[in-house]
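Coordinate analysis (summary)
This is what each chain is made of:
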2 protein chains.
Amino acid sequence: MISNVLNTLDTTRPQAIENLKSFLRIPSISTDPDRAGDVQHCADWLAQQLVESGLSAQVLPTGGHPVVLARNAHVPGRPTVLLYGHYDVQPAEPLEQWLSPAFEPTIRSGAIYARGAVDDKGQVWAHVEALRAWQRHGGIPINITMLVEGEEEIGSAHLADFMRDHRGALAADIALISDTDQFARGVPAIVYGLRGLAYMEVTITAADHDLHSGLYGGAVPNPANILCEVLATLHDENGRVNIPGFYEDVAPLTDAERAMWASLPFDEPAFKQELALETLCGEEGFSTVERRWARPTCDINGLTSGYQGPGAKTVIASKASAKVSMRLVPNQDPAKIEAAFTRAIRERCPANVTVEVVSHHGAEPVLIPLDSPAVKLAAEALQVGFGHPAVFIREGGSIPVVSLIRRILGIDSLLVGFGLTDDRVHAPNEKFDLNCFYNGARTAATLYAKLAGLK
Amino acid sequence: MISNVLNTLDTTRPQAIENLKSFLRIPSISTDPDRAGDVQHCADWLAQQLVESGLSAQVLPTGGHPVVLARNAHVPGRPTVLLYGHYDVQPAEPLEQWLSPAFEPTIRSGAIYARGAVDDKGQVWAHVEALRAWQRHGGIPINITMLVEGEEEIGSAHLADFMRDHRGALAADIALISDTDQFARGVPAIVYGLRGLAYMEVTITAADHDLHSGLYGGAVPNPANILCEVLATLHDENGRVNIPGFYEDVAPLTDAERAMWASLPFDEPAFKQELALETLCGEEGFSTVERRWARPTCDINGLTSGYQGPGAKTVIASKASAKVSMRLVPNQDPAKIEAAFTRAIRERCPANVTVEVVSHHGAEPVLIPLDSPAVKLAAEALQVGFGHPAVFIREGGSIPVVSLIRRILGIDSLLVGFGLTDDRVHAPNEKFDLNCFYNGARTAATLYAKLAGLK
């Protein structure tokens, strides 16, 4: 059965590429108010395609851009998979750097170039082709609910409300997301862990107006001096974060996990060269991969105080502020870390200034057990799709929708992506290698069959 | 003789005010290109007034706005005094906050309100009235060279060249400047010391582009973290500047000077209230006045890195930079301090980032010996003019022209100003109390007579 499906995918490639091109031609730039009509058109077009594939599909309104919600006829007793993707894209600017226009999909050297090629239209379309192939061979073997949103690139502001309002329709055993990369070309990956986030802003205020540094300097508190002194306390000399209780809940890496990551084909010299850095740094006792995937951090993301123009201005600013974010790992709790950070900053500020600490947003760290059945099935599907064993990795960033799905729908997400790290996501000349697209569709089709055995 | 002069000043007050109003009506805003004609007109008008006072006067071009240069007939053997002032003014914005229009001088509650009322047209005009009164009573008893520039409010960019080109014409025994304040209402002051300046900019660069804090955080150097850590080392726990050699050349305060300042009517509660600060701070072992006037500092004047807009952006910036200025006191050398600062910053930065340290500008600290004859004579003149003994103070800022005069013409400056600290210099509703103006003119007239005995 699956072999027929895979055979269909192989023989319908030219039509699949034409379909994907149609999808990519629609400039569904969610951040641009002038493109709201294109975003709506893209949702309508996608829903129509899914209907033509034999699914029921609706374009549902949100407080912002609409959601496409589709499903096959669910059969009681079968596992239900929530397939998440997004049909909106980033702006294409700077336009002059594109070798072919961003919304005229063009094939060069075995890849398709367009805005959204891999993020995320191309990966969504790999699934659509897999679903269509199954429909031609007796139907999709699992219950599929497909949620394709139009606001991922602008922070998914209305997705939480949408999920709450459609909790019943979205009920599933597991979510499946293809919006990540392979580990390296030809080495498919399952992302089983994500870091969380606590993003804070610290503002220190002294006098109620800016002061002349000649007339007042030396006799008044300088918020910029104090901000630097306080922020400098946030790390110790071994690169560890110096906030009481910060590491209390950190799940240690197992020896097996460390050994598995040590065997990955991670090219540290190339990594350094890409950043123009001669040496890396970080917490003592951990490798670069471990520092990025499994250790918590504290990084200043912005500093603002006083005069920032060219030349000199002799001012003692009234205020100094910093954006500081902490990447969190299992089992750190964003709320607990925010409180510990706030307490530490307040305690370390002198009494003669006022300090304000605000939390911008948080995200829970994510970890899916490596020995869970779904992870094993996804690995088997990737082996079929890409002809190479999958590796098990984490990512250092957060994927907010994974936290949302966990929090609102109560299920884990399988992160099985088909992209490459050089696909220039969000940049000019975004691409998706055709082989990645084909192998992605094969993986998706295989995975549906494997997940049929989930319960 | 002097009594006749003072009598004339007293009886010609109404005409003096009319003259000052004419001066103040000219909107000689040096920073505004649209006002260049008014600036030129102001110089021409002032030169004409000086000619009518019996001086020879010229309007001389510079690379920017012109200088008014005037003199009486110099008599060999008499001391020569270089009288410095400026006829340009700050912009008047925000216009809507003026109770009467900025360039329609208006008298209310015993003060004249206009842009430039005290800074510096009113103080220049007090001297012009004193010179005129002497001309009616046998002539000015000293050799006067008057230099009134039109670019003080925009940094006196062409003054150094002008002084070099006219070194001969500007030769004098001492300079006299009225562009400062009394210590308090009715308590006239001689400013005998100024702090110098070394203004630096530090830029730290790590990777050659901004990085996502999730994907890279924890494994790469963060320039903003490092900048804060390095800047935090610039003070020790006693508020002293922690740069090797920084205090090496600092002239200690004498007991006599400390006792003199301790007896000044400095209102520390009012000072704190003005700044909305509950407590002050600074170097251990020194009073607020001492910290502001006679101790060197190191203050961050600007911080810039990464994301500065509202909300959150998870970025590790490629660069972080700070403007840092040090106020210097006698006998610190700006060049030596700049070098020590640069060395300290470089040594304290880790090897995995690049650091750039740039010097923006420096100014020498100034100290006129309290026991110098000119200072004593100025004190006597202020006692006559204001009916109250003068106090001897320093200022925490730099007055660049004082350094220029010292460096190019080789002479000290007497800083004898008539303003009040609440005159709202550079702000809406700038004013000059009429009594300050009258007493200033009396002081000037008296001082000319006293300086006649200088050698």
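Placed above this text is the structure.
Quick caveat, the model's predicted, so the values are computed rather than measured.

As a further point, take the packing of helix 4 (residues 121–135) of chain B against helix 15 (residues 434–451) of chain B. Residues and elements named next belong to chain B. The N-to-C vectors of helix 4 and helix 15 enclose an angle of 50 degrees; their axes lie 8 Å apart at closest approach. One way to sum up the angle between helix 4 and helix 15 is to call them oblique. By crossing handedness, the relation of helix 4 to helix 15 is classed as right-handed. Here helix 4 contributes G122, W125, A126, H127, E129, A130, L131 and W134 to the contact with helix 15, which in turn contributes F437, G440, A441, A444, A445, Y448 and A449. Along the lines of polarity and charge, the residues of the contact of helix 4 with helix 15 split into 11 nonpolar, 3 polar and 1 charged.

With that out of the way, let us pick up the relation of the copies chain B and chain A. You can overlay chain B on chain A at an RMSD of 0.2 Å; the transform is a turn of 179 degrees with a shift of 0.2 Å along its axis. Viewed as a symmetry operation, the transformation between the two copies matches a two-fold axis. Considering only C-alpha atoms, the residue of chain B closest to the rotation axis is B:C228, which sits at 2.2 Å. Same-surface contact between copies: 100% of interface residues of chain B are shared with the interface of chain A.

Before going further, it helps to examine the interface of chain B and chain A. How big an interface is tends to be stated in terms of the accessible area lost upon association of its parts. Each partner contributes to the interface: chain B provides 69 residues, whereas chain A provides 69 residues. Buried surface at the junction of chain B and chain A, both sides included, amounts to about 5,300 Å², of which 54% is carbon and sulfur. Our enumeration of links across chain B and chain A arrives at 0 salt bridges. Where chain B packs against chain A, one counts 40 residue pairs in polar contact (both at pLDDT 80 or more). For the side of chain B that touches chain A, the element with the highest residue contribution is strand 11 (residues 299–306) of chain B, accounting for 8 residues.

For the rest of this paragraph, the subject is the sheet that holds strand 11 (residues 299–306) of chain A. Taken in spatial order, the 8 strands make up an open sheet running 14(A)-9(A)-13(A)-11(A)-11(B)-13(B)-9(B)-14(B), and their pairing is antiparallel. For this open sheet the edge positions go to strand 14 (354–363) of chain A together with strand 14 (354–363) of chain B, each flanked by a neighbour on one side alone. Each neighbouring strand pair of the sheet contributes to a mean axis angle of 15 degrees, computed without reference to strand direction.

Once that is clear, we can look at the pattern of salt bridges. Considering all chains together, one arrives at 38 salt bridges over all chains under this definition. The salt bridge involving A:D423 is made with A:K431; its shortest N-O contact spans 2.6 Å. Owing to a relative accessible area of 6%, A:K431 belongs among the buried residues under this scheme. Residue B:R295 is joined to B:E283 by a salt bridge in which the shortest nitrogen-to-oxygen separation is 2.7 Å. With a gap of 12 residues between them, B:R295 in the loop between helix 11 (288–293) and strand 11 and B:E283 in the loop between helix 10 (268–275) and helix 11 connect regions that are remote in the sequence. As far as the burial class goes, B:R295 and B:E283 line up, both buried.

Residue and element names in this part refer to chain A. Burial of the side chains of strand 17 (residues 413–416) extends over both faces: S413 and L415 are buried on one face and L414 and V416 on the other. Looking at chain direction, strand 7 (residues 174–177) and strand 17 are connected through 3 bridges and run parallel. Across the sheet, residue I177 finds its bridge partner in strand 17, namely L415. Bridge count for strand 8 (residues 189–194) against strand 17 is 2 bridges, and the pairing is antiparallel. Within strand 17, the residue paired with I190 across the bridge is V416.

So, about the side chain of A:T145. Structurally, A:T145 can be placed in strand 6 (residues 143–149). For A:T145, the side chain forms a polar contact with the side chain of A:H74, separated by 3.4 Å.

Taken as a whole and judged by the stated rule, the model has 0 disulfides over all chains. A:C228 supplies the cysteine sulfur nearest to A:C349, a cysteine that is in no disulfide, at a spacing of 12 Å. Here B:C228 is not disulfide-linked; the sulfur of A:C228 is the nearest cysteine sulfur, at 3.8 Å. Among the residues examined, B:C228 registers a relative accessible area of 0% and is labelled buried.

Below, the discussion takes up unusual backbone geometry. Here the residue pair A:D119 and A:D120 is connected by a cis peptide bond, since its omega of 5 degrees sits within 30 degrees of zero. Look at the link from B:E93 to B:P94: it is a cis peptide, with omega at 0 degrees. Position of B:P94 among the secondary structure elements: in the loop between strand 3 (80–86) and strand 4 (106–108). Backbone geometry at B:S109 places phi at a positive 50 degrees, although glycine is not the residue there. Examined against the element boundaries, B:S109 turns out to sit in the loop between strand 4 and strand 5 (111–113). B:S109 gets classed as exposed once you look at its relative accessible area, which sits at 80%.

Another point: helix 3 (residues 36–52) of chain A. Residues and elements named next belong to chain A. Taking 1.5 Å as the rise per residue, helix 3 with 17 residues should run 24 Å; its terminal C-alpha atoms sit 24 Å apart, in good agreement. Every buried residue of helix 3 is accounted for by V39, C42, A43, W45, L46, A47, Q49 and L50. Those residues of helix 3 that are buried are in contact with helix 2 (13–25), strand 1 (56–60), strand 2 (67–71), helix 4 (121–135) and strand 6. Residue G54 follows helix 3 closely and has a positive phi angle near 95 degrees.

This part is about the sheet that holds strand 5 (residues 111–113) of chain A. All names here are of chain A. Spatially, 3 strands are ordered 4-5-18 in an open sheet, and the strand pairing comes out antiparallel. The open sheet has two edge strands, strand 4 (106–108) and strand 18 (431–433), and neither has a second partner. Across the sheet, the mean angle from the axis of one strand to that of its neighbour is 25 degrees, orientation sign disregarded. Two strands pair when backbone bridges link them, and strand 5 and strand 18 are joined in this way by 3 bridges, in the antiparallel orientation.

The rules we used
Residues numbered from 1 in each chain as written. Chains lettered and ligands numbered in written order. Predicted model: local features only at pLDDT ≥ 70, side-chain atom pairs only at ≥ 80, totals over all residues. Heavy atoms only, no water. Axes fitted to C-alpha atoms, helices over the stretch in contact; angles between N-to-C directions. Helix = DSSP H or I, 4+ residues; strand = E, 2+ residues; numbered from the N terminus. Parallel < 35°, antiparallel > 145°, perpendicular 65-115°, else oblique. Left-handed = near helix turned anticlockwise from the far one by under 90°. Contact = heavy atoms within 4.5 Å. Nonpolar A, V, L, I, M, F, W, Y, C, P; charged D, E, K, R; others polar. Least-squares fit on C-alpha atoms with pLDDT ≥ 70 in both. Buried area = accessible area lost by both parts, 1.4 Å probe. Salt bridge = Lys/Arg side-chain N within 4 Å of Asp/Glu carboxyl O. Polar contact = N/O pair within 3.5 Å; in protein donor to acceptor, adjacent residues only side chain to side chain. Pairing = 2+ DSSP bridges. Buried < 20%, exposed > 50% of the residue type's maximum accessible area, 1.4 Å probe, protein only. Disulfide = S-S within 2.5 Å. Expected span 1.5 Å × (residues − 1).

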